[in-house]
Amino acid sequence: MAATFKGGYHVDDHKSLTNAKPTQMLDGCDVHIFPLRQHIGAPLTPCVTVGDYVYVGQKLADSDQFVSAPVHSSVSGTVIDIKQHIHDSGTMIASVFVENDRKYEVYKGCVPHDYRNMSKENVLELIRDAGIVGMGGAGFPTHVKLQPNTKVTHVLINGAECEPYITSDHRYMLEEPEKIIYGLKVCMYVLGLSDGYIGVETNKQDGMESLKNSSEFNEHIHIVPLKKKYPQGAEKQLIKAITGRNVPAGKLPADAGCVVINATTAVMISELFKTGIPPVIKNVTVSGDAIKNPSNFKVRIGTPVKVLIDKAGGFVSEPQKIISGGPMMGITQYNIDYPVTKTTSSVLAMVKAPKTYDEDAPCIRCGRCVSHCPMHLMPYKIADCSKKGDVDTAKDYNALECIECGLCSYICPANKNLLQFIRMIKPDVMKKVRGEAQKNGK
Ligand code: SF4
Ligand code: SF4
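Undergrad: I tried to follow unusual backbone geometry on my own but got confused; where do I start?
TA: When glycine is set aside, most residues are seen to have a negative phi, and most peptide bonds are trans. Here the amide bond leading from Tyr230 into Pro231 is cis, since omega sits at -5 degrees, within 30 degrees of zero. Positionally, Pro231 belongs in the loop between strand 11 (221-226) and helix 6 (235-243). For Arg365, which is not a glycine, the phi torsion comes out positive at approximately 55 degrees. For Arg365, a relative accessible area of 54% gives the class exposed. Of note in this structure, Glu404 is not a glycine but carries a positive phi near 60 degrees. Considering the arrangement of structural elements, one finds Glu404 in the loop between helix 11 (391-396) and helix 12 (407-411). On the basis of relative accessible area, Glu404 is assigned to the partly exposed category, the value being 22%.

Shown next, in the form of structure tokens:
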């Protein structure tokens, strides 16, 4: 039986639009745009100036802070500008513009490494210097994840890909399975673990077979079938499904003895050690009913999203909604000038928005938001607290445990956008918790 967690819901996945479509390599475009924020952590300072010639894999910006991740060029060419540009967060971010000379000359410092001949410290330094982050969308620096404060017993690759429409990880499983496993082996080496686990939803049976038939597969790699259910790929839910452990409230996966790495991140780690090149090319799904020819592309980071949409045949009609990421947790976009970053896994365009909300509709007390919440919260109660500005009660209802999966809003028959209200009160709850901790000298 497929492993899973309590709660969650089987949402329509719409993956058949692209899951059988081989990934096509896209040409680079004339100008690539590299936002200096593609990670969670300290901001970056450019290490190039206008007029500099840069190579594929050359660092464009970095920080001296531990929790941060540099950005590298995906093309060779000339830096023509450093200015604010629209980012998929909806804000303007300082970005380096590189005019592509289409020679794709690789930076001389990019050389392959055999991790087995390196110290763990040097492996971590290489991963840090390559700017590898959670490439499924999280953006948390991988070198930090791989240095937990406590001893871990499990490293898990998240191959659930539970968000509807997205098939970029699935295509990696089918087309480059050895890279996922090789990346996992690097993580196992750094963490001192003999075995590693790859969780895959059962809607990707061919992906599981492909991983098992890979040249890198062996008896220490465990492919774990996961029930097809949203949000199966959320860290805490993945850990529960594979190890049976609960991550304590307010704690991290390492506190349950686990490190979770996204499948695309594992591919990028593999690329780094095999070729020496940092993350500069990644799989991106372009899908939705407003896209003429939904597709999977291999894209050079910095490519404007409108180029991907054009390559997928453009729009069949004016989309009502464009989303960076999946429909459950992705970010709605107001234009398509933003570039592909390390964390872009998909671009979706919908003729009709998947759901419209009615804030004034009364709650019918059906309890569906409660029974399906993967964090076992009471979403309607927290949303009520938010409307009333009642921070104390929201804290008592564990508002900070909400992983913002959006399932409560999706599932509510009264069309209440519960997550929006929960998001609104979380910063105040966080402020309160921090204030109390400070007062208690913690
Ligand atoms: S968004 Fe938060 S409250 Fe709503 S179902 Fe997900 S975890 Fe639960
Ligand atoms: S799902 Fe909607 S209608 Fe049902 S209890 Fe929750 S908020 Fe109320």
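More follows now that the structure is in view.
Undergrad: Got a minute to help me understand the sheet that holds strand 4 (residues 53-54) in this structure?
TA: Pairing between the strands of a sheet comes from backbone hydrogen bonds, and it takes one of two forms, parallel or antiparallel. Overall, antiparallel pairing links the four strands, which are arranged 2-8-7-4 in an open sheet. Both edges of this open sheet fall to strand 2 (31-35) and strand 4, since each of them pairs with a single strand only.

Undergrad: Explanation requested: empty space enclosed by the protein in the structure shown.
TA: The probe, sized like a water molecule, is rolled over the atoms to show the empty space still left. The final tally for this structure, using the stated rule, is four cavities of 30 Å³ or more. Taken as a whole, the largest cavity spans an internal volume of roughly 110 Å³. Where the lining of the largest cavity is concerned, the elements lending two or more residues are helix 10 (379-388), helix 12 and helix 13 (418-439). For the lining of the largest cavity, a count of residues per class yields 13 nonpolar, one polar and one charged. Roughly 40 Å³ of internal volume is contained in the second largest cavity. In terms of lining residues, the second largest cavity is bounded by Ile86, His87, Gly90, Thr332, Gln333, Tyr334 and Asn335.

Undergrad: It is not clear to me how the domain arrangement of the protein should be interpreted in this structure. Could you clarify?
TA: Reports often express the size of an interface as the amount of accessible area lost when the parts come together. Looking at the assigned domains, one finds that the protein contains domain 1 (111-275) and domain 2 (368-439). Taking only C-alpha atoms, the centre of domain 1 and the centre of domain 2 are 29 Å apart. Each partner contributes residues to the interface: domain 1 has seven residues there, and domain 2 has six residues. Taken together, domain 1 and domain 2 are joined by one salt bridge. For Lys236, the salt bridge identified is with Glu401, shortest N-O distance 3.4 Å. The tally of links from domain 1 across to domain 2 stands at four residue pairs in polar contact (both at pLDDT 80 or more). Across the side of domain 1 that touches domain 2, the residue classes tally to four nonpolar, two polar and one charged.

Definitions and limits used
- Residues numbered from 1 in each chain as written.
- Chains lettered and ligands numbered in written order.
- Predicted model: local features only at pLDDT ≥ 70, side-chain atom pairs only at ≥ 80, totals over all residues.
- Heavy atoms only, no water.
- Helix = DSSP H or I, 4+ residues; strand = E, 2+ residues; numbered from the N terminus.
- Buried < 20%, exposed > 50% of the residue type's maximum accessible area, 1.4 Å probe, protein only.
- Pairing = 2+ DSSP bridges.
- 1 Å grid on protein atoms, 1.4 Å probe; cavity = no way out; pocket = protein on both sides within 12 Å on 5 of 7 lines; lining within 4 Å.
- Points joined across faces, edges and corners; volume = space filled by probe spheres on them.
- Nonpolar A, V, L, I, M, F, W, Y, C, P; charged D, E, K, R; others polar.
- Domains from an automatic or database assignment.
- Contact = heavy atoms within 4.5 Å.
- Salt bridge = Lys/Arg side-chain N within 4 Å of Asp/Glu carboxyl O.
- Polar contact = N/O pair within 3.5 Å; in protein donor to acceptor, adjacent residues only side chain to side chain.

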